[in-house]
Amino acid sequence: MDEKDRTIERQMEKIREMTQRNLRRMADDIWGEVGPLKEEPQKADKPAAPDMRDEVLEKQLEVIRRLSENGARTVTDNLWDEPAPAGNAEKPTAPTQTARPAQAPAEPEQELPPEKLDDLLDELRGYIGLESVKTEVESLVNMVKVHKLRREHGLPTVDMSLHMVFSGNPGTGKTMIARLMARIYRSLGILSKGQLVEVDRAGLVAGYVGQTAPKTREVIEKALGGVLFIDEAYALTYHKEGNDFGQEAVDTLLKSMEDHREDLVVIVAGYDGLMDEFIASNPGLESRFNRFLHFDDYTMDEMLAIFDMRVKKGGYELLDGAREEVRAFIEKQNVDPITFGNARGVRNLFEQVLMAQANRLAGETEISREILTQITPEDVKKAAESTRPRTKKDDARDELKALLEQMKKANAEEENGERGEIHQPVQGS
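For every chain, the first residue of the written sequence is number 1, and numbering continues from 1 onward in sequence order. Per-residue local features are limited, in this predicted model, to residues with pLDDT of at least 70; the limit for side-chain atom pairs, both in listing and counting, is 80 or more; totals at the level of whole chains, interfaces and linings are taken over all residues. Excluding hydrogens and water, the side-chain figures rest on all heavy atoms present in the structure.

A. Local environment of helix α3 (residues 117–125). A 1.4 Å probe rolled over the protein chains alone gives each residue an accessible area, and that area as a share of the maximum for its type sets the label: buried under 20%, exposed over 50%, partly exposed in between. In this text, helices come from DSSP runs of H or I with a minimum length of four residues, and strands from runs of E with a minimum of two, each type numbered from the N-terminal end. Along α3, the positions that sit buried rather than exposed are L117, L120, L121 and L124. Viewed along the axis of α3, the buried residues span an arc of 95°, placing them on a single side of the element. Residue contacts follow a heavy-atom distance rule, with two residues in contact if any of their heavy atoms lie within 4.5 Å. Among the structural elements, α4 (131–152) and α5 (174–187) are those in contact with the buried residues of α3. Throughout, the arc means that of the directions going from the helix axis to the C-beta atoms.

Right, dumping it as C-alpha coordinates:
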(Lines give C-alpha, C1' and ligand atoms only; values in the text may rest on other atoms or scores of the structure.)
Protein backbone atom coordinates (compact mmCIF):
# COMPACT_ATOMS: atom_id res chain seq x y z
CA MET A 1 0.00 0.00 0.00
CA ASP A 2 1.55 3.32 -1.01
CA GLU A 3 1.34 6.67 0.74
CA LYS A 4 -1.77 7.75 -1.13
CA ASP A 5 -3.69 4.61 -0.06
CA ARG A 6 -2.67 5.06 3.54
CA THR A 7 -3.83 8.68 3.45
CA ILE A 8 -7.18 7.63 2.06
CA GLU A 9 -7.59 4.93 4.73
CA ARG A 10 -6.82 7.43 7.47
CA GLN A 11 -9.38 9.84 6.02
CA MET A 12 -12.08 7.16 5.89
CA GLU A 13 -11.34 5.97 9.45
CA LYS A 14 -11.60 9.54 10.69
CA ILE A 15 -14.96 9.91 8.96
CA ARG A 16 -16.19 6.69 10.65
CA GLU A 17 -15.16 7.93 14.10
CA MET A 18 -16.75 11.35 13.59
CA THR A 19 -19.95 9.77 12.28
CA GLN A 20 -20.25 7.40 15.23
CA ARG A 21 -19.69 10.20 17.76
CA ASN A 22 -22.26 12.39 16.04
CA LEU A 23 -24.78 9.57 15.97
CA ARG A 24 -24.34 8.93 19.70
CA ARG A 25 -24.94 12.59 20.44
CA MET A 26 -28.12 12.45 18.36
CA ALA A 27 -29.19 9.29 20.24
CA ASP A 28 -28.63 11.00 23.58
CA ASP A 29 -30.94 13.80 22.50
CA ILE A 30 -33.61 11.37 21.30
CA TRP A 31 -33.39 8.41 23.75
CA GLY A 32 -31.64 9.94 26.71
CA GLU A 33 -28.07 9.08 27.74
CA VAL A 34 -26.89 5.97 25.95
CA GLY A 35 -24.18 3.70 27.20
CA PRO A 36 -21.89 1.51 25.12
CA LEU A 37 -23.56 -0.46 22.42
CA LYS A 38 -24.17 -4.17 22.95
CA GLU A 39 -24.09 -4.02 26.74
CA GLU A 40 -23.94 -7.18 28.78
CA PRO A 41 -27.39 -8.73 29.17
CA GLN A 42 -29.14 -8.00 32.44
CA LYS A 43 -29.32 -10.64 35.14
CA ALA A 44 -32.10 -13.12 34.83
CA ASP A 45 -33.55 -12.09 38.19
CA LYS A 46 -34.18 -8.54 36.83
CA PRO A 47 -36.13 -8.92 33.65
CA ALA A 48 -36.69 -5.76 31.65
CA ALA A 49 -38.67 -4.78 28.66
CA PRO A 50 -36.76 -5.31 25.43
CA ASP A 51 -34.78 -2.20 24.50
CA MET A 52 -34.47 -1.67 20.73
CA ARG A 53 -32.19 1.33 20.95
CA ASP A 54 -28.93 -0.56 20.52
CA GLU A 55 -30.23 -2.48 17.53
CA VAL A 56 -31.55 0.68 15.86
CA LEU A 57 -28.32 2.55 16.51
CA GLU A 58 -26.25 -0.32 15.14
CA LYS A 59 -28.25 -0.42 11.93
CA GLN A 60 -27.99 3.33 11.55
CA LEU A 61 -24.26 3.17 12.08
CA GLU A 62 -23.90 0.46 9.44
CA VAL A 63 -25.84 2.52 6.89
CA ILE A 64 -23.80 5.63 7.67
CA ARG A 65 -20.55 3.66 7.39
CA ARG A 66 -21.49 2.57 3.88
CA LEU A 67 -22.53 6.09 2.94
CA SER A 68 -19.30 7.47 4.39
CA GLU A 69 -17.19 5.02 2.44
CA ASN A 70 -19.03 5.83 -0.79
CA GLY A 71 -18.69 9.55 -0.10
CA ALA A 72 -15.02 9.20 0.69
CA ARG A 73 -14.48 7.24 -2.52
CA THR A 74 -16.22 9.98 -4.51
CA VAL A 75 -14.03 12.63 -2.89
CA THR A 76 -10.97 10.51 -3.60
CA ASP A 77 -11.92 10.14 -7.26
CA ASN A 78 -12.15 13.91 -7.54
CA LEU A 79 -8.86 14.51 -5.71
CA TRP A 80 -6.73 11.74 -7.22
CA ASP A 81 -8.60 11.27 -10.52
CA GLU A 82 -8.82 7.51 -9.89
CA PRO A 83 -10.91 5.27 -7.62
CA ALA A 84 -10.05 4.91 -3.97
CA PRO A 85 -9.09 1.45 -2.68
CA ALA A 86 -11.84 -0.57 -1.02
CA GLY A 87 -11.07 -1.34 2.65
CA ASN A 88 -7.44 -2.41 3.07
CA ALA A 89 -7.15 -3.94 -0.38
CA GLU A 90 -3.77 -3.48 -1.90
CA LYS A 91 -3.51 -1.66 -5.20
CA PRO A 92 -1.92 -3.46 -8.13
CA THR A 93 1.74 -2.79 -8.56
CA ALA A 94 1.17 -1.02 -11.86
CA PRO A 95 -2.05 0.94 -11.41
CA THR A 96 -4.03 1.94 -14.44
CA GLN A 97 -6.09 5.09 -14.56
CA THR A 98 -9.81 4.52 -14.85
CA ALA A 99 -11.03 5.75 -18.18
CA ARG A 100 -13.68 8.41 -17.88
CA PRO A 101 -16.58 8.38 -20.31
CA ALA A 102 -15.42 10.22 -23.39
CA GLN A 103 -17.56 13.12 -24.50
CA ALA A 104 -19.24 12.57 -27.79
CA PRO A 105 -17.36 14.52 -30.47
CA ALA A 106 -19.20 17.54 -31.75
CA GLU A 107 -20.92 16.76 -34.97
CA PRO A 108 -19.46 18.70 -37.90
CA GLU A 109 -21.67 21.35 -39.34
CA GLN A 110 -23.68 19.99 -42.20
CA GLU A 111 -22.61 21.81 -45.34
CA LEU A 112 -25.27 22.51 -47.89
CA PRO A 113 -24.60 21.30 -51.43
CA PRO A 114 -23.51 23.91 -53.98
CA GLU A 115 -26.34 25.81 -55.60
CA LYS A 116 -27.09 25.41 -59.26
CA LEU A 117 -25.23 27.90 -61.41
CA ASP A 118 -28.27 28.64 -63.56
CA ASP A 119 -30.29 29.55 -60.45
CA LEU A 120 -27.57 31.92 -59.28
CA LEU A 121 -27.36 33.60 -62.67
CA ASP A 122 -31.14 33.99 -62.71
CA GLU A 123 -30.88 35.67 -59.34
CA LEU A 124 -28.23 38.00 -60.72
CA ARG A 125 -30.39 38.94 -63.69
CA GLY A 126 -33.28 39.66 -61.34
CA TYR A 127 -31.42 42.41 -59.49
CA ILE A 128 -32.58 45.96 -60.17
CA GLY A 129 -30.07 47.98 -62.18
CA LEU A 130 -26.38 46.93 -62.18
CA GLU A 131 -26.44 46.22 -65.92
CA SER A 132 -22.69 46.64 -66.47
CA VAL A 133 -21.93 44.51 -63.41
CA LYS A 134 -24.22 41.75 -64.65
CA THR A 135 -22.40 41.69 -67.97
CA GLU A 136 -18.99 41.52 -66.31
CA VAL A 137 -20.02 38.74 -63.93
CA GLU A 138 -21.51 36.59 -66.70
CA SER A 139 -18.35 37.08 -68.78
CA LEU A 140 -16.23 36.02 -65.82
CA VAL A 141 -18.38 32.92 -65.29
CA ASN A 142 -18.00 31.96 -68.96
CA MET A 143 -14.24 32.42 -68.74
CA VAL A 144 -13.98 30.21 -65.66
CA LYS A 145 -16.09 27.48 -67.28
CA VAL A 146 -13.89 27.41 -70.39
CA HIS A 147 -10.75 27.46 -68.22
CA LYS A 148 -11.98 24.36 -66.36
CA LEU A 149 -12.85 22.57 -69.61
CA ARG A 150 -9.38 23.20 -71.05
CA ARG A 151 -7.83 21.81 -67.91
CA GLU A 152 -10.06 18.73 -68.04
CA HIS A 153 -8.95 18.10 -71.63
CA GLY A 154 -5.29 18.45 -70.77
CA LEU A 155 -4.86 21.73 -72.64
CA PRO A 156 -2.55 24.47 -71.35
CA THR A 157 -4.17 27.20 -69.26
CA VAL A 158 -2.98 30.59 -68.16
CA ASP A 159 -3.01 31.68 -64.54
CA MET A 160 -6.29 33.40 -63.85
CA SER A 161 -6.78 35.83 -60.98
CA LEU A 162 -10.27 35.82 -59.50
CA HIS A 163 -9.63 38.59 -57.00
CA MET A 164 -11.63 41.72 -57.79
CA VAL A 165 -11.88 45.44 -57.13
CA PHE A 166 -15.35 46.91 -56.65
CA SER A 167 -15.62 50.68 -56.98
CA GLY A 168 -18.64 52.91 -56.55
CA ASN A 169 -20.64 55.04 -54.15
CA PRO A 170 -22.34 53.66 -51.02
CA GLY A 171 -25.48 51.62 -51.49
CA THR A 172 -24.81 50.53 -55.07
CA GLY A 173 -24.88 46.79 -54.33
CA LYS A 174 -21.19 45.96 -53.82
CA THR A 175 -21.68 43.76 -50.76
CA MET A 176 -24.69 42.06 -52.35
CA ILE A 177 -22.70 41.14 -55.47
CA ALA A 178 -19.71 40.02 -53.39
CA ARG A 179 -21.97 37.62 -51.50
CA LEU A 180 -23.37 36.31 -54.78
CA MET A 181 -19.88 35.87 -56.23
CA ALA A 182 -18.93 33.66 -53.27
CA ARG A 183 -21.90 31.42 -54.04
CA ILE A 184 -21.10 31.40 -57.78
CA TYR A 185 -17.47 30.49 -57.19
CA ARG A 186 -18.56 27.59 -55.00
CA SER A 187 -21.03 26.43 -57.62
CA LEU A 188 -18.19 26.45 -60.14
CA GLY A 189 -16.03 24.35 -57.81
CA ILE A 190 -13.49 27.12 -57.24
CA LEU A 191 -14.23 27.59 -53.54
CA SER A 192 -14.95 24.82 -51.03
CA LYS A 193 -17.46 26.65 -48.80
CA GLY A 194 -18.65 29.85 -50.45
CA GLN A 195 -19.06 32.00 -47.32
CA LEU A 196 -18.49 35.77 -47.26
CA VAL A 197 -16.40 37.38 -44.50
CA GLU A 198 -16.81 41.16 -44.50
CA VAL A 199 -14.30 43.46 -42.75
CA ASP A 200 -12.91 46.96 -42.95
CA ARG A 201 -9.67 48.52 -41.75
CA ALA A 202 -10.65 48.16 -38.08
CA GLY A 203 -11.11 44.42 -38.53
CA LEU A 204 -7.54 43.95 -39.79
CA VAL A 205 -5.35 46.59 -38.13
CA ALA A 206 -4.42 46.64 -34.44
CA GLY A 207 -3.06 49.51 -32.40
CA TYR A 208 0.16 47.97 -31.10
CA VAL A 209 3.31 46.44 -32.52
CA GLY A 210 3.01 42.74 -33.29
CA GLN A 211 -0.81 42.57 -33.19
CA THR A 212 -1.81 43.42 -36.75
CA ALA A 213 -0.39 40.38 -38.53
CA PRO A 214 -2.05 37.84 -36.18
CA LYS A 215 -5.31 39.78 -36.33
CA THR A 216 -5.25 39.78 -40.13
CA ARG A 217 -4.35 36.08 -40.28
CA GLU A 218 -7.28 35.25 -37.97
CA VAL A 219 -9.71 36.98 -40.33
CA ILE A 220 -8.19 35.21 -43.31
CA GLU A 221 -8.58 31.84 -41.57
CA LYS A 222 -12.30 32.49 -41.22
CA ALA A 223 -12.53 33.38 -44.92
CA LEU A 224 -10.71 30.29 -46.24
CA GLY A 225 -12.99 28.44 -48.62
CA GLY A 226 -14.90 31.62 -49.40
CA VAL A 227 -14.58 35.32 -50.14
CA LEU A 228 -12.90 37.93 -47.97
CA PHE A 229 -14.61 41.27 -48.65
CA ILE A 230 -12.67 44.35 -47.48
CA ASP A 231 -14.78 47.50 -47.57
CA GLU A 232 -13.08 50.90 -47.87
CA ALA A 233 -9.82 49.07 -48.46
CA TYR A 234 -7.97 52.28 -49.39
CA ALA A 235 -7.97 53.18 -45.66
CA LEU A 236 -5.29 50.51 -45.17
CA THR A 237 -2.71 52.62 -46.98
CA TYR A 238 -3.98 56.17 -46.39
CA HIS A 239 -3.92 56.12 -42.57
CA LYS A 240 -0.22 56.60 -41.89
CA GLU A 241 -0.16 59.00 -38.98
CA GLY A 242 1.72 57.90 -35.87
CA ASN A 243 2.21 54.20 -35.32
CA ASP A 244 0.03 52.87 -38.09
CA PHE A 245 0.16 49.25 -39.20
CA GLY A 246 -2.06 49.28 -42.29
CA GLN A 247 0.82 48.29 -44.53
CA GLU A 248 1.54 45.30 -42.29
CA ALA A 249 -2.04 44.15 -42.86
CA VAL A 250 -1.57 44.54 -46.62
CA ASP A 251 1.67 42.54 -46.56
CA THR A 252 0.05 39.77 -44.51
CA LEU A 253 -2.92 39.73 -46.86
CA LEU A 254 -0.72 39.43 -49.96
CA LYS A 255 1.22 36.50 -48.50
CA SER A 256 -1.99 34.68 -47.56
CA MET A 257 -3.44 35.27 -51.02
CA GLU A 258 -0.42 33.52 -52.43
CA ASP A 259 -0.40 30.69 -49.87
CA HIS A 260 -4.15 29.99 -50.26
CA ARG A 261 -4.68 30.96 -53.88
CA GLU A 262 -6.59 27.72 -54.53
CA ASP A 263 -9.30 28.35 -51.90
CA LEU A 264 -9.50 32.07 -51.17
CA VAL A 265 -10.84 34.99 -53.17
CA VAL A 266 -10.36 38.57 -51.98
CA ILE A 267 -12.61 41.43 -53.07
CA VAL A 268 -11.66 44.98 -52.11
CA ALA A 269 -14.17 47.81 -52.40
CA GLY A 270 -14.43 51.56 -52.01
CA TYR A 271 -14.89 54.89 -53.76
CA ASP A 272 -13.87 55.50 -57.35
CA GLY A 273 -10.40 56.97 -57.72
CA LEU A 274 -9.37 56.05 -54.20
CA MET A 275 -9.44 52.37 -55.09
CA ASP A 276 -7.28 53.02 -58.15
CA GLU A 277 -4.71 54.69 -55.91
CA PHE A 278 -4.92 51.88 -53.38
CA ILE A 279 -4.11 49.25 -56.01
CA ALA A 280 -1.32 51.40 -57.47
CA SER A 281 0.28 51.89 -54.03
CA ASN A 282 1.78 48.39 -53.98
CA PRO A 283 3.18 46.24 -56.81
CA GLY A 284 1.85 43.14 -55.08
CA LEU A 285 -1.69 44.53 -55.18
CA GLU A 286 -1.35 45.43 -58.87
CA SER A 287 -0.23 41.92 -59.78
CA ARG A 288 -3.10 40.22 -57.92
CA PHE A 289 -6.01 42.57 -58.56
CA ASN A 290 -6.57 43.02 -62.27
CA ARG A 291 -10.36 42.66 -62.47
CA PHE A 292 -12.33 45.86 -61.83
CA LEU A 293 -16.10 46.20 -61.53
CA HIS A 294 -17.63 49.66 -61.38
CA PHE A 295 -21.01 50.11 -59.70
CA ASP A 296 -23.02 53.01 -61.12
CA ASP A 297 -25.43 55.05 -59.04
CA TYR A 298 -29.04 53.93 -59.32
CA THR A 299 -31.28 56.02 -61.55
CA MET A 300 -34.51 57.54 -60.25
CA ASP A 301 -36.60 54.82 -61.89
CA GLU A 302 -34.37 52.11 -60.39
CA MET A 303 -34.62 53.60 -56.89
CA LEU A 304 -38.40 53.81 -57.27
CA ALA A 305 -38.39 50.14 -58.32
CA ILE A 306 -36.34 49.31 -55.20
CA PHE A 307 -38.98 51.08 -53.08
CA ASP A 308 -41.74 49.11 -54.84
CA MET A 309 -39.86 45.88 -54.11
CA ARG A 310 -39.70 46.71 -50.40
CA VAL A 311 -43.39 47.53 -50.38
CA LYS A 312 -44.23 44.16 -51.95
CA LYS A 313 -41.90 42.12 -49.73
CA GLY A 314 -43.23 43.85 -46.63
CA GLY A 315 -46.84 43.05 -47.48
CA TYR A 316 -47.87 46.67 -48.09
CA GLU A 317 -49.81 48.47 -50.80
CA LEU A 318 -49.36 51.99 -52.19
CA LEU A 319 -52.73 53.68 -52.57
CA ASP A 320 -53.48 55.99 -55.50
CA GLY A 321 -51.17 59.00 -55.51
CA ALA A 322 -48.71 57.53 -53.02
CA ARG A 323 -46.17 56.42 -55.62
CA GLU A 324 -45.93 59.95 -57.03
CA GLU A 325 -45.25 61.22 -53.51
CA VAL A 326 -42.54 58.58 -53.09
CA ARG A 327 -40.81 59.78 -56.26
CA ALA A 328 -40.90 63.36 -55.01
CA PHE A 329 -39.57 62.21 -51.62
CA ILE A 330 -36.60 60.43 -53.22
CA GLU A 331 -35.82 63.38 -55.49
CA LYS A 332 -35.86 65.71 -52.50
CA GLN A 333 -33.43 63.57 -50.51
CA ASN A 334 -31.13 62.39 -53.30
CA VAL A 335 -29.27 65.65 -53.70
CA ASP A 336 -25.95 63.79 -53.57
CA PRO A 337 -25.54 60.05 -54.28
CA ILE A 338 -22.73 59.69 -51.74
CA THR A 339 -24.59 61.18 -48.81
CA PHE A 340 -27.97 59.72 -49.81
CA GLY A 341 -26.62 56.21 -50.26
CA ASN A 342 -28.55 54.95 -53.30
CA ALA A 343 -30.43 51.75 -52.33
CA ARG A 344 -29.44 52.26 -48.70
CA GLY A 345 -31.07 55.69 -48.78
CA VAL A 346 -34.24 54.23 -50.31
CA ARG A 347 -34.44 51.73 -47.46
CA ASN A 348 -34.17 54.56 -44.93
CA LEU A 349 -36.98 56.49 -46.65
CA PHE A 350 -39.16 53.36 -46.66
CA GLU A 351 -38.70 53.04 -42.90
CA GLN A 352 -39.64 56.72 -42.45
CA VAL A 353 -42.87 56.12 -44.41
CA LEU A 354 -43.73 53.13 -42.22
CA MET A 355 -43.21 55.26 -39.13
CA ALA A 356 -45.59 57.89 -40.52
CA GLN A 357 -48.17 55.17 -41.24
CA ALA A 358 -47.83 53.83 -37.68
CA ASN A 359 -48.37 57.31 -36.24
CA ARG A 360 -51.55 57.66 -38.32
CA LEU A 361 -52.91 54.27 -37.28
CA ALA A 362 -52.21 55.01 -33.61
CA GLY A 363 -55.17 57.36 -33.63
CA GLU A 364 -57.58 54.86 -35.21
CA THR A 365 -60.09 52.96 -33.09
CA GLU A 366 -60.79 50.09 -35.47
CA ILE A 367 -57.95 48.73 -37.61
CA SER A 368 -58.56 45.93 -40.09
CA ARG A 369 -56.02 43.73 -41.83
CA GLU A 370 -56.52 45.70 -45.06
CA ILE A 371 -55.87 49.03 -43.35
CA LEU A 372 -52.61 47.68 -41.92
CA THR A 373 -51.31 47.08 -45.46
CA GLN A 374 -52.18 50.49 -46.91
CA ILE A 375 -49.69 53.32 -47.40
CA THR A 376 -51.45 56.57 -48.24
CA PRO A 377 -50.11 59.69 -49.98
CA GLU A 378 -50.48 61.48 -46.64
CA ASP A 379 -48.13 58.93 -45.01
CA VAL A 380 -45.42 59.73 -47.56
CA LYS A 381 -45.96 63.49 -47.21
CA LYS A 382 -45.67 63.29 -43.42
CA ALA A 383 -42.46 61.28 -43.75
CA ALA A 384 -41.02 63.85 -46.17
CA GLU A 385 -41.92 66.71 -43.82
CA SER A 386 -40.34 65.06 -40.79
CA THR A 387 -37.13 64.00 -42.56
CA ARG A 388 -34.25 66.44 -42.39
CA PRO A 389 -33.40 67.77 -45.86
CA ARG A 390 -29.91 66.94 -47.05
CA THR A 391 -27.52 69.70 -48.03
CA LYS A 392 -25.92 69.36 -51.41
CA LYS A 393 -22.20 68.78 -51.62
CA ASP A 394 -20.61 69.77 -54.92
CA ASP A 395 -18.37 66.73 -54.86
CA ALA A 396 -18.19 64.78 -51.60
CA ARG A 397 -15.77 62.31 -53.16
CA ASP A 398 -13.26 65.05 -53.96
CA GLU A 399 -13.59 66.43 -50.45
CA LEU A 400 -12.78 63.04 -48.98
CA LYS A 401 -9.92 62.57 -51.38
CA ALA A 402 -8.49 66.00 -50.53
CA LEU A 403 -8.61 65.20 -46.81
CA LEU A 404 -6.79 61.93 -47.31
CA GLU A 405 -4.21 63.66 -49.49
CA GLN A 406 -3.52 66.15 -46.72
CA MET A 407 -2.98 63.31 -44.28
CA LYS A 408 -0.65 61.57 -46.70
CA LYS A 409 1.35 64.73 -47.37
CA ALA A 410 1.70 65.50 -43.68
CA ASN A 411 2.98 62.01 -43.04
CA ALA A 412 5.53 62.24 -45.87
CA GLU A 413 6.82 65.56 -44.55
CA GLU A 414 7.20 64.11 -41.09
CA GLU A 415 9.09 61.08 -42.39
CA ASN A 416 11.44 63.22 -44.48
CA GLY A 417 12.12 65.67 -41.67
CA GLU A 418 10.79 68.60 -43.67
CA ARG A 419 8.37 70.03 -41.13
CA GLY A 420 9.35 73.58 -40.22
CA GLU A 421 8.92 73.27 -36.47
CA ILE A 422 11.49 70.50 -36.33
CA HIS A 423 14.22 72.54 -38.03
CA GLN A 424 13.65 75.83 -36.21
CA PRO A 425 16.65 76.61 -34.00
CA VAL A 426 15.98 77.02 -30.32
CA GLN A 427 16.25 80.69 -29.32
CA GLY A 428 19.39 81.44 -27.39
CA SER A 429 21.21 78.32 -28.43
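B. The arrangement of the packing of aromatic side chains in detail. Two aromatic rings from Phe, Tyr or Trp, using only the six-membered ring of Trp, form a pair when their centres are within 6.5 Å; if the ring planes differ by under 30 degrees the pair is stacked, by over 60 it is edge-to-face, and anything between is tilted. Using the criterion set out here, one finds four aromatic pairs in the structure. Considering the side-chain rings of F166 and F295, the 5.0 Å spacing of their centres and the 55° angle between planes classify their relative orientation as tilted. Taken as a pair, F166 in strand β1 (residues 164–168) and F295 in strand β5 (residues 292–295) lie far apart in primary sequence, 129 residues in all. Residues F166 and F295 agree in their burial class; the two are buried. Centroid distance F307 to F350: 5.5 Å. Interplanar angle 85°. Geometry classified as edge-to-face. Here the residue F307 occupies a position in helix α11 (residues 300–313), and F350 occupies one in helix α14 (residues 343–361), the gap between them amounting to 43 residues. Among the aromatic residues, those joined into a cluster by ring pairs are F307, Y316 and F350.

C. View of the side chain of N282. Mapped onto the secondary structure, N282 falls in the loop between α9 (274–280) and α10 (283–288). Excluding residues within four positions of it along the chain, N282 makes contact with Q247, V250, D251 and L254.

D. Quick look at a positive patch on the surface. Surface patches are defined over residues having more than 30% relative accessible area and no salt bridge, joining like charges when they lie within 9 Å and nonpolar side chains (Val, Leu, Ile, Met, Phe, Trp, Tyr) when within 5 Å. For accessible areas, the Shrake-Rupley method is used with a probe of radius 1.4 Å. Any residue's cover is judged against the shown protein chains and nothing else. When a carboxyl oxygen of Asp or Glu is within 4 Å of a side-chain nitrogen of Lys or Arg, the pair counts as a salt bridge. In this tally, Lys and Arg are treated as positive and Asp and Glu as negative; His is ignored, and so are the chain termini. Lys charges are placed at NZ, Arg charges at CZ, Asp charges at CG and Glu charges at CD. Side chains of R310, K313, R344 and R347 sit close together on the surface and give a patch of like positive charge. Taken together, the elements giving at least two residues each to the positive patch come down to α11 and α14. Summarising the element assignment, K313 is placed in helix α11.

E. Spatial organisation of the sheet that holds strand β3 (residues 227–231). Ordered by their spatial adjacency, five strands build an open sheet running β2-β3-β4-β1-β5, and the pairing between neighbours is parallel. Here the strands that pair on one side only, and so sit at the sheet edges, are β2 (196–199) and β5. Neighbour-to-neighbour, the strand axes of the sheet open up by a mean angle of 20°, direction not taken into account. Helix axes are fitted to C-alpha atoms over the stretch in contact, other axes to C-alpha atoms as well, and angles between N-to-C directions run from 0 to 180 degrees. Where α4 meets the sheet, its contacts fall on β1 and β5, and the angle it forms with β5 comes to roughly 155°. Note on pairing: two strands pair once DSSP finds at least 2 bridges between them.

F. Representation of the packing of α4 against α5 within the structure. Remark: α4 packs on α5, axes separated minimally by 12 Å, with the N-to-C direction vectors making an angle of 15°. By the angle between their axes, α4 is roughly parallel relative to α5. Crossing hand, α4 versus α5: right-handed. When α4 is examined against α5, the residues V133, V137, L140 and V141 are found in contact with a partner set consisting of I177, M181, I184 and Y185. Any angle between 65 and 115 degrees counts as roughly perpendicular, while under 35 counts as roughly parallel, over 145 as roughly antiparallel, and the rest as oblique. Throughout, a crossing is termed right-handed when the near helix is turned clockwise from the far one, and left-handed when it is turned anticlockwise from it by less than a right angle.

G. Highlighting unusual backbone geometry. With phi around 60°, L130 is a residue other than glycine that occupies positive phi space. What makes L130 buried here is its relative accessible area of 9%. Notably, E232 is not glycine yet its phi reads approximately 50°, a positive angle. Note that E232 resides in the loop between β3 and α7 (235–238). Look at E232 and you get partly exposed, because its relative accessible area is 39%.

H. Region of the structure containing the side chain of H163. By the element assignment, H163 lies in the loop between α4 and β1. What qualifies as a polar contact is a pair of N or O atoms within 3.5 Å, subject to a donor-acceptor requirement within protein and to the restriction that residues adjacent in sequence count only when both atoms come from side chains. Within the structure, H163 has its side chain in polar contact with the backbone nitrogen of V266 (distance 2.9 Å). With residues near it in sequence (within four places) discarded, H163 still touches M257, L264, V265, V266, R288, F289 and R291.

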